[in-house]
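Secondary and tertiary structure notes
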Amino acid sequence: MLRYLKSPDVTGWLLAAPLVLVLAVFLVLPVLMIGVVSFWQATEFSIVPALSLENYEFLFGSAVTYDVFWNTFRYALIVWALTLGIGFTVAFFLAFHVRTLTWQIALALICTVPFWTSNVIRMISWIPFLGRNGIANSTLLSMGVIDQPLEWLLFSDFSVILAFVHLNTIFMIIPILNTMMRIDRSLIEAARDAGASGAQILWNVIIPLTKPGIMIGTIFVLTLVMGDFVTVRFMSGSQSANVGRLISNDVGLLQYPSASATAVVLLCAVLMVVGLLLRLVDIRKEL
Amino acid sequence: MEPRPRSFYILAAFFGLYVLFLYGPTITIGILSFQGPGGGLTFPMRGTSLNWFRELFETQAVGDIWGSFRRSFALGLMVMATTVIVSVMGGLAFRKRFIGSGVLFYLAITALVIPSILVSLGVGLVFTQAGLPIHWATSGFGAQLTWTLPFGLLVMFAVFNRFNPAYEEAARDQGASAWQVVRHVVLPIIAPSLMGVALFGFTLSYDEFARTLLTSGSYNTLPLEIYGMTTNVTTPVIFALGTLTTAFSFVVIGAFLLSVWVMNRRRARHGSDAGKGV
């Protein structure tokens, strides 16, 4: 008996038991449940168990679905490109241009603190900035750049993407910074001694060595944007749609089976993207 | 020290702009929440007053803000404590490979990448179909853990990847039991990182919206209450609430960071406690 207790498999599972329990009850079971319910049928007042493909037939038969999925991918790609550009530049500055560890930590913390505050409030905060009479419009008007207020600043694709970048760039900065900090500085010196220019060092040394961090940041940003429904609803003023909103609209109408079918398709799309990216990076090694 | 290259100043300016982009909107609503009684949601300021903060304290005006704050605070503490304990145990478990550890790791990653609405919808469905009441302290609590636990676990991975096993070996050589090694060697060394896990646990729970949306039942948490207000409140009172809860978050974050700093300082001052016994 004691021999079994000392086996690494048993102690491993005992220590991981609470984690397993939480993930089983609040992740695996709910996902299975969604899978099952996606074959059920909805009446006006309740949902009834069934084995029907109706929800999927409706989903794939509707042109709206394809538009919405395309829109979701479009948001994800644009936000990914922007967060990568900003996140890489910020991380590069912190890792290679800030000279003391204390300052690096302090400045990285400045970037991180908003992540620990409320996303909903951070979205609301854009209203006085982007609104019809907001700061952006009044500044541009007084500078004479425009004659009348721009209407597309708030409640548009522009504001949705702005908010996504605002909320999610931190998910690029931290993983990229983490890998950059571990780059052996003598490699850069060696490249410089061998006559490489700054741009060549960046392109041929730093970027290849930063790839794992970029991949992890990419996974975060893509999955967060693809799975979002709050940002799109709030920042587009309910004028744009993504898959998350499709699901939450169905939930609002108590159409759980059709919401579940959409959720299953969304989950497959997200897991495919993540699966693809995980083939390019070993996360556990990079932490 | 060699002079800074020109690229430093360009990148520093870029960084400055990014920080402005990050904090600008929050500072804006901070200022606007002191709008005079006749002021609106944007500039110009029509005088300054504490009018909108005062309105927050008149309960009937804008729903059950204080009740939702109490719930969010309690839930944050519950999630924080659970996240710390479960993450430390999970982190310890993953230090050695065991059968199924790979699957479990990818399950935790799945929890991190799965769209939050799926967790919300799925947990809600499981509870209703099982006939259990949906409540923020049960279904909401569990749904939030699927988001905070993977973060806690990732922090623990980072910690244990850098952990020097020589300390434990030394303790074991002195005859310490497995539990004593964890209690008197491992935990004190990782204590500052545990504050980090706790910070993630509390703040991510306190601000969580999507995962709580369909799992909190009839009593709203604070983010849900605030989101509800966006559809029917058109006065700066919402900015006042935003300012107040952001200030609260800053206090919490500051307290955590300060405690980590104090811990590290104390450790640096006392140095090794070798020979002092346990």
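Just above, that's the structure.
These figures come from a predicted structure and were not determined experimentally. Here the residue index of a chain counts from 1 through its sequence in written order. Lettering for chains starts from A, numbering for ligands starts from 1, and both go in the order in which the items are written. Thresholds applied to this predicted model are a pLDDT of at least 70 for local features of residues and 80 or more for the giving and counting of side-chain atom pairs; totals over whole chains, interfaces and linings are not thresholded and use all residues.

What to know about the packing of helix α3 (residues 54–61) of chain A against helix α15 (residues 256–278) of chain A
Residues and elements named next belong to chain A.
- Whenever a helix is involved, its axis is fitted only over the stretch in contact; in every case the axis is a line through C-alpha atoms, and angles between N-to-C directions fall within 0 to 180 degrees. Helix and strand definitions follow DSSP, with helices as H or I runs of at least four residues and strands as E runs of at least two, each counted in order from the N terminus. At a closest axis distance of 9 Å, the pairing of α3 and α15 adopts a crossing angle of 65 degrees. Crossing handedness for the pair α3 and α15: right-handed. Contacts between α3 and α15 involve Asn55, Tyr56, Phe58 and Leu59 from the first element and Pro257, Ser258, Ala261, Thr262 and Val265 from the second.
- Polar here means any residue other than Ala, Val, Leu, Ile, Met, Phe, Trp, Tyr, Cys and Pro, which are nonpolar, and Asp, Glu, Lys and Arg, which are charged; Gly is therefore polar. Per-class residue counts for the contact of α3 with α15 are six nonpolar, three polar and no charged. Handedness of a crossing is defined here by the sense of rotation of the near helix relative to the far one, left-handed for an anticlockwise turn of less than a right angle and right-handed for a clockwise turn. Whether two residues are in contact depends on their C-beta atoms, placed from the backbone: they are in contact if these lie within 7 Å.

Observations concerning the interface of chain B and chain A
- Facing 72 residues of chain B, the contacting portion of chain A comprises 70 residues.
- For the side of chain B that touches chain A, the elements supplying multiple residues, two or more each, are α1 (6–32), α3 (65–93), α4 (101–113), α5 (116–129), α6 (136–161), α8 (178–207), α10 (222–232) and α11 (237–270) of chain B.
- Among the elements that take part in the side of chain B that touches chain A, α1(B) stands out by supplying 15 residues, more than any other.
- For the side of chain B that touches chain A, the class distribution of residues is 51 nonpolar, 19 polar and two charged.

Things to note about unusual backbone geometry
Residue and element names in this part refer to chain A.
- Not every positive phi belongs to a glycine, and phenylalanine 155 is a case in point at roughly 55 degrees.
- Within the element layout of this structure, phenylalanine 155 appears in the loop between α8 (135–143) and α9 (157–168).
- The burial criterion counts other C-beta atoms lying within 10 Å of a residue's C-beta, which is placed from the backbone; the residue is buried at 20 or more, exposed at 12 or fewer, and partly exposed between these limits. Residue classification places phenylalanine 155 among the buried positions, given that 20 C-beta atoms sit within 10 Å.
- Notably, leucine 254 is not glycine yet its phi reads approximately 60 degrees, a positive angle.
- With respect to the helices, strands and loops of the structure, leucine 254 is situated in the loop between α14 (243–252) and α15.

Read these as layout, nothing more, since geometry by itself doesn't imply function.
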